[in-house]
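One-letter residues, chain by chain:
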Amino acid sequence: MSNSIFRKKSITKILDDCARGFSDAEHSGSSHLKKELNVKDLTLMGIAAVVGAGIFSTIGLASFHGGPGVTILFVITAITCGFSALCYAEFASRIPVAGSAYTYAYASFGELIAWIIGWDLLMEYAIGNIAVAVSWSTYFVNLLEGFHIHVPAYLTMDYYSAFTAHQQVQELTASHHLANITDTLKQGAIAWNTAPGFDGFKLIANIPALAITVAITYLVYIGIRETKRATNAMVILKIAIVIAVIAIGFFYVTPANWHPFMPNGFSGVMKGVSGVFFAYIGFDAISTTAEECKQPQRDLPRGMIYSLIICTVLYILIALVLTGMVSYKNLAVGDPLAYVFNQVHLPVISYIISFSAVIATASVLLIFQLGQPRIWMSMSRDGLLPKIFSRIHPKFHTPSFSTVVTGFVVGVPALFLNLTIVTDLTSIGTLFAFVLVCGGVLLLPYEASQKGRFKLPYVNAKWIVPAIFITGAYFFRNEIWQSFTGANAHENFPFFLFIILSTVLTVFAFIKNLSLIPVLGLLSCFYLMTDLGYTNWIRFLVWLVIGLDIYISYSYEHSFLGMKISPWHKLVKNISLIGAIISIFVVVGFYTQQEVVMNIIYGGLAFAIGFLLTYIVIASYFSIFRKNEIV
């Protein structure tokens with residue numbers, strides 16, 4: 001038994017717990033997840049998660065910034081994800097258990113890092129799912145309009161977007177800037193002005209987003225077999241449509257549109273990294289289905305790699321068609337595929353694309369809604385969440401309570417909020433998971449390959465990584481220097497972390513003969529994290545602070561791994577509550593805002609940060625100076 005926050009759960013124990021039916025905290029030994037998936041199902045699930053809204057929307061803006069050279073960005077992203085996929089495959093072959101990066105981190109880094117990555121994955125799936133549900137609603141409403149079915153605007157968007165649009169239209173009208181009123185603002189203002197209500201409150205909600213979330217949640221709830229069938233059908237349909245679009249589009253390609261290939265240089269190509277990576281992140285979701293695979297050690301790695309290769313080819317071909325049919329300058333639109341076919345006078349294809357977008361987006365939501373409950377289930381198994389989260393339905397053999405909670409967590413915010421503005425948090429959260437998975441592989445003991453099990457190829461990084469480091473430092477010396485000396489150098493702290501990490505890994509690669517693939521995966525993923533902006537890093541760190549508070553308050557005490565805590569933990573936790581309350585008064589007193597909502601937000605952040613900092617300081621004192629004293 002250990003009271004260390006870095007206590008590890010051995011691979012043997014993880015597999016033994018799973019074999020004993022420990023997966024169901026309420027009915028241990030009686031209910032298990034059904035083994036229904038093979039390599040074909042896993043490949044189609046990976047495609048379902050990756051070929052979604054990205055191929056119908058974000059690819060347009062990425063092409064606008066990068067021109068035809070956006071194909072290079074897809075290759076870079078695919079290679080980056082490929083490194084991570086190989087590391088996921090290594091873990092999946094050793095630990096064929098639900099939980100994805102959370103379970104892998106528990107075995108390699110220990111409990112605290114496992115909690116952090118689990119909490120990070122919850123954010124990734126929740127925000128990603130809300131954004132996808134809202135996106136599906138937009139596609140669905142547009143499709144209905146094509147059939148002359150009009151849904152009132154106040155039933156198709158969130159309250160905040162309508163309120164904001166109404167205010168902006170009033171301000172622009174008063175200042176006589178009518179040209180700045182976009183169609184989106186007009187739609188929001190119409191929603192606000194036509195919505196029923198009372199006493200200034202309007203009844204505005206995104207009903208289609210809620211409806212698709214309820215439908216998908218029900219499908220995931222009633223069984224993996226039904227989910228598999230629905231996924232396979234949707235994927236086959238949308239792949240057929242995408243291939244048809246590519247084939248037809250190539251007949252309308254004008255090669256002159258591919259020149260210049262990178263009109264805004266390499267920096268222009270990299271501007272689309274957030275949207276492109278957001279489209280790619282879904283392949284890791286299939287690792288959460290490990291316990292529902294017939295032969296997980298063989299099929300999970302194959303499913304990840306096959307789906308990644310197929311999706312990369314499709315994305316590159318779509319990008320070439322888009323930038324070849326029209327100039328890249330015209331692709332800053334929300335529906336680029338429909339737009340280019342309207343430009344060549346093929347409106348029928350546009351309707352087919354709209355239908356395909358509805359199917360594709362629904363399949364993405366399906367896979368993400370499948371993955372999140374299994375993360376919660378795995379954390380509950382280890383005692384880090386209440387045991388009800390690991391309850392397995394006796395009839396449907398699915399994590400029932402976790403699935404229902406996931407439906408509420410996604411459906412209710414999608415009804416009233418639009419979180420598409422923070423979808424970069426999904427990308428940064430996923431990249432962080434990839435970084436830890438790649439790093440975790442470096443900590444695994446080397447094992448000889450076994451028949452039927454994937455083995456990560458070993459390439460000695462001793463000389464390759466130092467060569468890459470020195471070459472990169474030389475060619476990008478000016479950019480590195482500017483990042484330290486610029487006017488807003490503090491905003492480059494993610495890049496500073498990347499330089500430190502690169503230096504440390506280079507030294508260890510030389511001394512320890514590290515494996516090349518996980519090192520390259522770790523570095524490339526962390527570099528992409530630095531491109532996601534200072535603001536997103538701050539939001540991400542705030543989320544982690546909240547998660548650490550929950551770990552201190554509940555998870556550390558209830559962990560099944562030893563059920564032992566430091567003798568002074570509860571006292572320090574109580575003192576930390578006092579520190580958190582004092583922090584609220586200090587922050588709100590010095591930074592009082594006019595809006596009540598902002599005061600509540602600042603007060604909440606002050607509580608979270610104050611609690612964590614107070615705990616760290618006092619816990620450090622006890623662990624160093626009064627280590628063995630019971631208080």
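Scroll up to find the structure this text is about.
The following refers to the structure shown. In this text, all values refer to a predicted model and were calculated from it rather than measured experimentally.

This part covers the overall build of the chain. Within the chain, the regular secondary structure consists of 24 helices and two strands. Each of the 631 residues in the chain was classed as buried or not, and the buried ones make up 54%. Nonlocal contacts in the chain, meaning residues at least 24 apart in sequence, comprise 82% of its contacts between residues at least 6 apart. When the accessible area of the chain is evaluated, it comes to approximately 27500 Å², of which 68% is carbon and sulfur surface.

This part covers the nonpolar core. Tyr 88, Tyr 280 and Phe 283 are the most contacted members of the largest nonpolar core, which has 152 residues in total. When residues of this core are assigned to their parent elements, the largest contribution, 19 residues, is made by helix H6 (residues 111-146). Ignoring sequence-local partners within four residues, the contact set of Tyr 280 consists of Val 50, Phe 74, Thr 77, Ala 78, Cys 81, Leu 308, Cys 311, Thr 312 and Tyr 315. Val 545, Ala 608, Leu 612 and Tyr 615 belong to the second largest nonpolar core, which has twelve residues in total.

A word on helix H8 (residues 183-194). Here H8 is twelve residues long and its end C-alpha atoms lie 16 Å apart, about the 16 Å a rise of 1.5 Å per residue gives. Looking at H8, one finds that the buried residues are Leu 185, Gly 188, Ala 189, Ala 191 and Trp 192. All buried residues of H8 project into a common sector of 155° when viewed along the axis, lining one side. For H8, the elements touching its buried residues are helix H7 (159-174) and strand E2 (201-202).

Let's shift gears to the environment of Trp 119. Mapped onto the fold, Trp 119 is located in helix H6. Owing to a relative accessible area of 12%, Trp 119 belongs among the buried residues under this scheme. Expressed as a C-alpha distance, the spacing of Trp 119 and Trp 376, which sit 257 residues apart in the sequence, is 9.2 Å. Contact partners of Trp 119, with chain neighbours within four places excluded, come to Met 379, Trp 543, Leu 544, Ile 546, Gly 547 and Ile 550.

We now examine the layout of surface pockets. In this structure, the second largest pocket occupies an estimated 1200 Å³ of space. What lines the second largest pocket is a set of 34 residues, and nearest its centre among them are Phe 476, Phe 495, Phe 498, Tyr 527 and Thr 530. Elements represented by at least two residues in the lining of the second largest pocket include exactly helix H4 (70-94), helix H11 (265-270), helix H18 (464-475), helix H19 (477-485), helix H20 (493-512), helix H21 (516-530) and helix H22 (534-558). Residue composition of the lining of the second largest pocket, grouped by class: 20 nonpolar, eleven polar and three charged.

This part takes up the side chain of Asn 536. Position of Asn 536 relative to the elements: it lies in helix H22. Apart from the residues within four sequence positions on either side, Asn 536 is in contact with Asp 424, Leu 425 and Ile 428.

Further remarks concern helix H17 (residues 424-443). Relative to the 28 Å expected for 20 residues at 1.5 Å per residue, H17 spans 29 Å between its end C-alpha atoms, a close match to the ideal helical length. Among the 20 residues of H17, 17 are classified as buried, and the element is accordingly described as predominantly covered.

By the element assignment, Ser 402 lies in helix H16 (residues 400-416). Overall, the relative accessible area of 0% leaves Ser 402 in the buried class. Through-space distance from the C-alpha of Ser 402 to that of Ser 380 is 9.8 Å; in sequence the pair is 22 residues apart. For Ser 402, the contacting residues outside a window of four places in its chain are Pro 373, Trp 376, Met 377 and Phe 389. Here Phe 389 takes part through its backbone oxygen, which lies 2.5 Å from a polar atom of the side chain of Ser 402.

Here we take up the packing of H22 against helix H23 (residues 569-590). One way to put it is that H22 packs onto H23 with a least axis distance of 11 Å and a crossing angle of 165°. Of the possible angle classes, the one that applies to H22 and H23 is roughly antiparallel. The two elements H22 and H23 meet at a crossing, and its hand is left-handed. Contacts between H22 and H23 pair Ile 552, Ser 553, Tyr 556 and Glu 557 from the former with His 569, Lys 570 and Lys 573 from the latter. Of the residues belonging to the contact of H22 with H23, the class tally is two nonpolar, two polar and three charged.

Scanning the entire structure with this criterion turns up nine salt bridges. Residues Lys 9 and Asp 382 are paired through a salt bridge, measuring 2.5 Å at the closest nitrogen-oxygen approach. Taken together, the positions of Lys 9 in the segment before helix H1 (11-19) and Asp 382 in the loop between helix H15 (347-381) and H16 put the pair 373 residues apart, joining distant regions of the chain. As far as burial versus exposure is concerned, Lys 9 and Asp 382 are alike and both buried. When the shortest N-O distance is used, the salt bridge between Asp 299 and Arg 298 registers 2.7 Å. The exposure class assigned to Asp 299 is buried, which follows from its relative accessible area of 1%. Its relative accessible area of 30% is what places Arg 298 among the partly exposed residues. Put simply, Glu 90, Arg 94 and Lys 455 are held in one network by salt bridges that share partners.

So, about the packing of helix H9 (residues 207-222) against helix H10 (residues 224-250). Where H9 meets H10, the axes come as close as 5 Å, and the angle between the chain directions of the two elements is 130°. Taken together, the axis directions place H9 and H10 in an arrangement best described as oblique. In contact with Leu 219, Val 220 and Ile 222 of H9, H10 contributes Glu 226, Thr 227 and Ala 230. Partitioned by chemical class, the residues of the contact of H9 with H10 number four nonpolar, one polar and one charged.

This next bit is on the side chain of Ser 583. For Ser 583, the location among the structural elements is in helix H23. Looking at Ser 583, its side chain comes within polar contact range of the main-chain oxygen of Gly 579, at 2.8 Å. Apart from residues lying up to four places away in sequence, Ser 583 is in contact with Ala 606 and Gly 610.

The next point concerns the packing of aromatic side chains. Under the defined criterion, the tally for this structure stands at 25 aromatic pairs. Seen from their ring centres, Tyr 621 and Phe 622 are 5.4 Å apart, and the 70° between their planes marks the pair as edge-to-face. Three or more aromatic residues joined by ring pairs form one cluster here, namely Trp 115, Trp 119, Trp 543, Tyr 551 and Tyr 556. Its guanidinium or amino end placed over the ring of Trp 463, Lys 462 lies 5.8 Å from that ring's centre, counting from NZ or CZ.

Further remarks concern a nonpolar patch on the surface. On the surface, Val 404, Phe 408, Val 412, Phe 416 and Leu 417 cluster together into a nonpolar patch covering about 440 Å² of accessible area. Looking at the element boundaries, Val 404 is found in helix H16. On the basis of relative accessibility, which here comes to 35%, the residue Val 404 falls in the partly exposed class.

Cis geometry is adopted by the peptide bond preceding Pro 260, which originates at His 259 and carries an omega value of -5°. Its identity as a non-glycine residue notwithstanding, His 345 has a phi of 65°, on the positive side. Examined against the element boundaries, His 345 turns out to sit in the loop between helix H14 (336-343) and H15. Judged by its relative accessible area of 68%, His 345 is exposed. With phi around 55°, Asn 513 is a residue other than glycine that occupies positive phi space.

Rules behind the numbers
- Residues numbered from 1 in each chain as written.
- Predicted model: local features only at pLDDT ≥ 70, side-chain atom pairs only at ≥ 80, totals over all residues.
- Heavy atoms only, no water.
- Helix = DSSP H or I, 4+ residues; strand = E, 2+ residues; numbered from the N terminus.
- Buried < 20%, exposed > 50% of the residue type's maximum accessible area, 1.4 Å probe, protein only.
- Contact = heavy atoms within 4.5 Å.
- Areas by Shrake-Rupley, 256 points an atom, 1.4 Å probe, with all protein chains shown as cover.
- Core = buried A, V, L, I, M, F, W, Y, C linked by side-chain atoms within 4.5 Å.
- Expected span 1.5 Å × (residues − 1).
- Arc of directions from axis to C-beta.
- 1 Å grid on protein atoms, 1.4 Å probe; cavity = no way out; pocket = protein on both sides within 12 Å on 5 of 7 lines; lining within 4 Å.
- Points joined across faces, edges and corners; volume = space filled by probe spheres on them.
- Nonpolar A, V, L, I, M, F, W, Y, C, P; charged D, E, K, R; others polar.
- Polar contact = N/O pair within 3.5 Å; in protein donor to acceptor, adjacent residues only side chain to side chain.
- Axes fitted to C-alpha atoms, helices over the stretch in contact; angles between N-to-C directions.
- Parallel < 35°, antiparallel > 145°, perpendicular 65-115°, else oblique.
- Left-handed = near helix turned anticlockwise from the far one by under 90°.
- Salt bridge = Lys/Arg side-chain N within 4 Å of Asp/Glu carboxyl O.
- Phe/Tyr/Trp six-rings, centres within 6.5 Å; stacked < 30°, edge-to-face > 60°.
- Lys NZ or Arg CZ within 6 Å of the ring centre and 35° of its normal.
- Patch = residues over 30% accessible without salt bridge, like charges linked within 9 Å, V, L, I, M, F, W, Y side chains within 5 Å.

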